[in-house]
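Chain by chain, the residues:
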Amino acid sequence: MAGAGAAPGTAQSARDGRKGRGGRDGRVVTGIGTRSGPWAYSAPAILSLLAWVYVPMVATGVASLLDWNLTTPARFVGLANYRRLLADHDFYRALWQTGSYVIMMLPLATAVPLALAIALWLRPGRASRVYRALLFLPVVLAPAANAVSWQFILNPLQGVTNAVLVGVGLPGPGWLNDPSWAPLVIVAITTGKIVGLNTLLFSASLSAIDLSTIEVARIDGATSWEIVRYVVVPQLVRPVALLGLLCVLLAGQWIFTNVALVTQGGPDGSTDNAFYRIYTYAFTFFDTGTAAAAAVVITGGVAIGYAAVRLVTGRIRRAGAPAAG
Amino acid sequence: MSRITVRNVTRRYQDTTAVDGVSLDIADGDFLVLLGPSGCGKSTLLRTIAGLIAPSEGQILVDDRDVTDTPARDRDLAMVFQSYALYPHLTVARNIGFPLRAKRRNRAEIRTRVAEVAQILDLSALLNRRPRELSGGQRQRVALGRALVRDPGAFLMDEPLSNLDAQLRTATRTEITELHRRLGRTFVYVTHDQVEAMTMATSVAVLNKGRLEQVGTPTEVYDSPASAFVASFLGSPPMNLIPAEVTTRDGRLHAVAVGVDVPLGIDVPRSADGEPDPSAGREVQLGVRPEHLTATHADAADDDAAVPALRGKVRTVENLGSEEIAHVIVGDGEVRVRARRPAGLAAGDTVALQVRPEHTHLFDRESGRRLVWRPDQHSSIPAARVPVTT
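Q: Looking at this structure, how should I read the overall build of chain B?
A: Check the secondary structure of chain B and you find 9 helices and 20 strands. Taking the contacts inside chain B whose residues are at least 6 apart along the sequence as the reference set, 63% of them involve residues at least 24 apart.

Following this line, the structure appears as structure tokens:
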């Protein structure tokens, strides 16, 4: 019956076949033209990147040249936002404090998880798996819930921490009200979440180490410490560098939630950082132009930080392990 | 140099016994190959000697000193791993020098020793490279160099050639044998490759399911296998094992089965009171190496009535270049015959196979142990003794 479909082996079926699987030369041919195929497949990713990364980046650059409070029409002001920003003491303090956060968090996000992962790796067994799970537990806690919980725990008057300290006769500091304590508290509660994740990442890297390199080192006379120092740690340079890099790039963002929910940048701006400052300019002062200018300056700073970390880790890798003995 | 004694060593993993009561005496300067199939416990035994695994029972002695509880680093043994176990972040020079740095030797001495070893192993041009920049053969030589630089009492090697291609494996096999001869040190070498065992070893220890089957020179284990397992593990193709029965005919012993009537070349022995020995009727496995069988076409064999033999039909013939392997159906089983090419056999041919009595082996059907049925000039192996003697 006409139109009921081509029988196999007919010219019609060969033409149809080219639209489906198995073209004349045996290649798999897609329903979409072969030229447009790759674009069609990458379109979701490209559109998503454009919509959420590249267009906003360009828009931010443009906004940094505008005077705009999100409601009234924007006005082009040239570099005025940058001039105002660079004259703002709060911005410098936020930058300085962002750097301090990175410096404080770098060892906590790399050395501490590395030491924990190696310690757990050297003593495999059920206990090791339990410790690893306990360390990972805070990672799955919702950031906002984590922040609010700490707000309660560290409340100077009703918090459980001070209740315990006062109970044993120690003074209970104003964890979140004292400018000298508040930044440390923010670092502590932020890294509490990061340590577990990074320990897990280092554990994964450790499992890739050829165990016979450890055994041969044992036979060759190395002590346990020498094995860790000269065999294990140098093989983890890549993950250490990666997590160090992530820390430099993302520490400000990791901290943002806790600053926004626990201290709101206070007391007296002591917990402010670059990302919270951008948020403050944009959504507290509704000064979109200055917020965008700050974002441009900070992105430049992060790019410099990235280059510095790449330079340092590249040198470490080229140098190999330091000479022993 | 080190003499290594393994005394009744057993290693268990929960319900599994990886090494089961193994005793070995490895003399100074010996090249002992631990040979066996995968999972036979040979690597576990080597790692126990190295001190990487503690035995569940038994002792390890190095130069008569009990080192069972001594850490690996204090045993004066060096090990080469199958994976080479090179430190990926260190250069060749630092890899080789690592054991000396661990022993706190001074830099000048380390540099000199590394240069010497690199010279021996032809690695001098590669000293600044990292393992990932080396070929498999070069990596293997670096692993050897790291063992060599320590000048240890003994070298332990765990299948060090198994990751190399066939050509390189042959060349490196020769190099290691040469190295052993030059150093005169004790080598304990694990492999599942019988060619390595036969060509490199001064003695071979064959392991099966954690137990020691036989220890002897390569010639001994090949010519006088202590069990059907050893007979079937060594040789390519392995020894033909044919279920048969010992019978008597005209006062002589024969091994007989369907299509098989092989004279064993001995008179029926008599006991002290003159009665025929009861060995006749015993169920055995008749062992014949493929190269000891001579094939003739059945018509030609019929003319020579004096030579009873195995009779069968050729199933297929494999061409190995210089030789041919003919697969011959004899009775219910298959017998392989190895002959120089051209052997003149083709699939479908009916053939008679001859074997000289001195090339036949008998194994107990139940235990698989060798039956000593004539004074054995080569073997010192204790074996089950059938009351049949020449």
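After presenting the structure, the write-up continues.
Q: Looking at this model, I keep getting lost on the overall build of chain A. Mind explaining?
A: Within chain A, the secondary structure is distributed over 14 helices and 2 strands. Taken across its 325 residues, chain A has 29% of its residues classed as buried.

Q: Please clarify how the packing of helix 2 (residues 92-102) of chain B against helix 4 (residues 136-148) of chain B should be interpreted in this entry.
A: A packed helix pair is summarised by two numbers, namely the angle formed by the two axes and the spacing between the axes. All names here are of chain B. Where helix 2 meets helix 4, the axes come as close as 7 Å, and the angle between the chain directions of the two elements is 30°. When the axis of helix 2 is compared with that of helix 4, the two are roughly parallel. The way helix 2 lies across helix 4 gives a crossing that is right-handed. Contact with helix 2, carried on its side by Val-92, Asn-95, Ile-96, Phe-98 and Pro-99, involves Val-142, Gly-145 and Arg-146 of helix 4 and no other residues of that element. Of the residues assigned to the contact of helix 2 with helix 4, the class counts are 5 nonpolar, 2 polar and 1 charged.

Q: Hey, could you run me through the domain arrangement of chain B in this one?
A: How large an interface is tends to be reported as the accessible area lost when its parts come together. All names here are of chain B. Here chain B is described as being made up of domain 1 (4-233) and domain 2 (240-364). If you average the C-alpha positions of domain 1 and of domain 2, the two centres end up 40 Å apart. Across the contact, 5 residues belong to domain 1 and 5 residues belong to domain 2.

Q: Teacher, can you tell me more about helix 13 (residues 274-283) of chain A here?
A: For an α-helix, the turn length of 3.6 residues means that residues three or four places apart are oriented alike. Of all 10 residues that make up helix 13 of chain A, 8 are buried, and the element is covered over most of its length. Regarding helix 13 of chain A, the residues found buried are Ala-274, Phe-275, Tyr-276, Arg-277, Ile-278, Thr-280, Tyr-281 and Ala-282 of chain A.

Q: It is not clear to me how the nonpolar core should be interpreted in this structure. Could you clarify?
A: Soluble globular proteins tend to pack their nonpolar side chains together in the buried interior. Leu-34, Met-79, Leu-156, Val-188 and Leu-353 of chain B are the most contacted members of the largest nonpolar core, which totals 162 residues. Those residues in contact with Leu-156 of chain B that lie beyond four places of it in its chain are Leu-46, Ile-49, Ala-50, Leu-77, Met-79 and Val-188 of chain B.

Q: Honestly, the interface of chain A and chain B in this entry has me stumped. Any pointers?
A: Listed as interface residues are 18 residues of chain A and, on the opposing side, 23 residues of chain B. It is helix 10 (residues 211-219) of chain A that contributes the most residues to the side of chain A that touches chain B, 6 residues altogether. By residue class, the composition of the side of chain A that touches chain B is 7 nonpolar, 6 polar and 5 charged.

Q: I tried to follow the sheet that holds strand 4 (residues 57-62) of chain B on my own but got confused; where do I start?
A: Pairing between the strands of a sheet is mediated by backbone hydrogen bonds and can be parallel or antiparallel. Residue and element names in this part refer to chain B. Pairing within the open sheet is antiparallel, and its 4 strands lie in the order 2-1-4-5. Edge positions in the sheet fall to strand 2 (16-26) and strand 5 (65-66), since each of these pairs with one other strand and no more. By the bridge criterion, 2 bridges tie strand 4 to strand 5 in an arrangement that is antiparallel. Each residue of the ladder has a partner; that of Leu-61, found in strand 5, is Asp-66. Against the sheet, helix 1 (residues 42-50) touches strand 1 (4-13), strand 2 and strand 4, its axis set at about 120° to strand 1.

Q: Help me out: how do you make sense of the confidence of the model for chain A in this one?
A: Reading fine detail from the predicted coordinates is not recommended where pLDDT is low. Averaged over every residue, the pLDDT of chain A is 81; residues scoring 70 or more account for 86%. In the predicted structure, residues 1-23 of chain A sits below a pLDDT of 50 and forms 14 contacts with residues beyond four places in sequence or in another chain.

Q: Is there a simple way to think about the sheet that holds strand 3 (residues 31-35) of chain B in this case?
A: Residues and elements named next belong to chain B. The strand order across the open sheet built from 6 strands is 6-7-8-3-9-10, with neighbouring strands paired in mixed fashion. Only two strands of the sheet have a single neighbouring strand rather than two, namely strand 6 (77-80) and strand 10 (211-216). Averaged over neighbouring strand pairs, the angle between their axes works out to 15° when direction is ignored. Bridge analysis of strand 3 against strand 8 (residues 186-191) gives 5 bridges, and the strand direction is parallel. Residue pairing in the sheet places Leu-32 in a bridge with Val-188 of strand 8.

Q: Could you clarify how one ought to interpret the pairing of strand 3 of chain B in this entry?
A: Look at any regular strand and the pattern is simple: side chains alternate between the two faces of the sheet. Residues and elements named next belong to chain B. Across the 5 residues of strand 3, 5 count as buried, placing the element largely inside the fold. By the alternation rule, side chains of strand 3 split into Phe-31, Val-33 and Leu-35 and Leu-32 and Leu-34, which are all buried. With 4 bridges connecting them, strand 3 and strand 9 (residues 203-208) associate as parallel partners. Bridge pairing in strand 9 places Val-33 opposite Val-204.

Q: Sorry, what's going on with the domain arrangement of chain A here?
A: By domain assignment, chain A separates into domain 1 (29-63) and domain 2 (80-319). The centre of domain 1 of chain A, based on its C-alpha atoms, is set 33 Å off from the matching centre of domain 2 of chain A.

Q: How should the pairing of strand 20 (residues 360-364) of chain B be read in this particular structure?
A: Residues and elements named next belong to chain B. Among the 5 residues in strand 20, 4 count as buried, and that is most of the element. The sheet contact formed by strand 14 (residues 283-288) and strand 20 spans 5 bridges and is antiparallel. Within strand 20, the position partnered with Val-288 by the bridge is Thr-360.

Q: Sorry if this is basic, but what is going on with the confidence of the model for chain B here?
A: All names here are of chain B. Mean pLDDT over chain B stands at 87; residues scoring 70 or higher make up 89%. Scored below 50 in pLDDT, residues 303-307 shows 2 contacts in the model against residues more than four places distant or in partner chains. For this predicted complex, the interface confidence reaches an ipTM of 0.79, while the overall pTM sits at 0.75.

Q: Sorry, what's going on with helix 3 (residues 107-120) of chain B here?
A: Residues and elements named next belong to chain B. For helix 3, spanning 14 residues, the distance from its first C-alpha to its last is 20 Å, which sits close to the expected 20 Å at 1.5 Å a residue. Listed in full, the buried residues belonging to helix 3 are Ile-110, Arg-113, Val-114, Val-117 and Ala-118. An end-on view of helix 3 places all buried positions within 135° of arc, on one side of the element. What points out from helix 3, more than 90 degrees from its buried face, is the exposed set Ala-108, Glu-109 and Gln-119. Elements that come into contact with the buried residues of helix 3 comprise helix 2 and helix 4. Following helix 3 by one or two positions, Asp-122 adopts a phi angle in the positive range, close to 60°.

Scoring rules and cut-offs
- Residues numbered from 1 in each chain as written.
- Chains lettered and ligands numbered in written order.
- Predicted model: local features only at pLDDT ≥ 70, side-chain atom pairs only at ≥ 80, totals over all residues.
- Helix = DSSP H or I, 4+ residues; strand = E, 2+ residues; numbered from the N terminus.
- Contact = placed C-beta atoms within 7 Å.
- Buried ≥ 20, exposed ≤ 12 C-beta atoms within 10 Å, placed from the backbone.
- Axes fitted to C-alpha atoms, helices over the stretch in contact; angles between N-to-C directions.
- Parallel < 35°, antiparallel > 145°, perpendicular 65-115°, else oblique.
- Left-handed = near helix turned anticlockwise from the far one by under 90°.
- Nonpolar A, V, L, I, M, F, W, Y, C, P; charged D, E, K, R; others polar.
- Domains from an automatic or database assignment.
- Core = buried A, V, L, I, M, F, W, Y, C linked by C-beta atoms within 7 Å.
- Pairing = 2+ DSSP bridges.
- pLDDT = per-residue confidence, 0-100.
- Expected span 1.5 Å × (residues − 1).
- Arc of directions from axis to C-beta.

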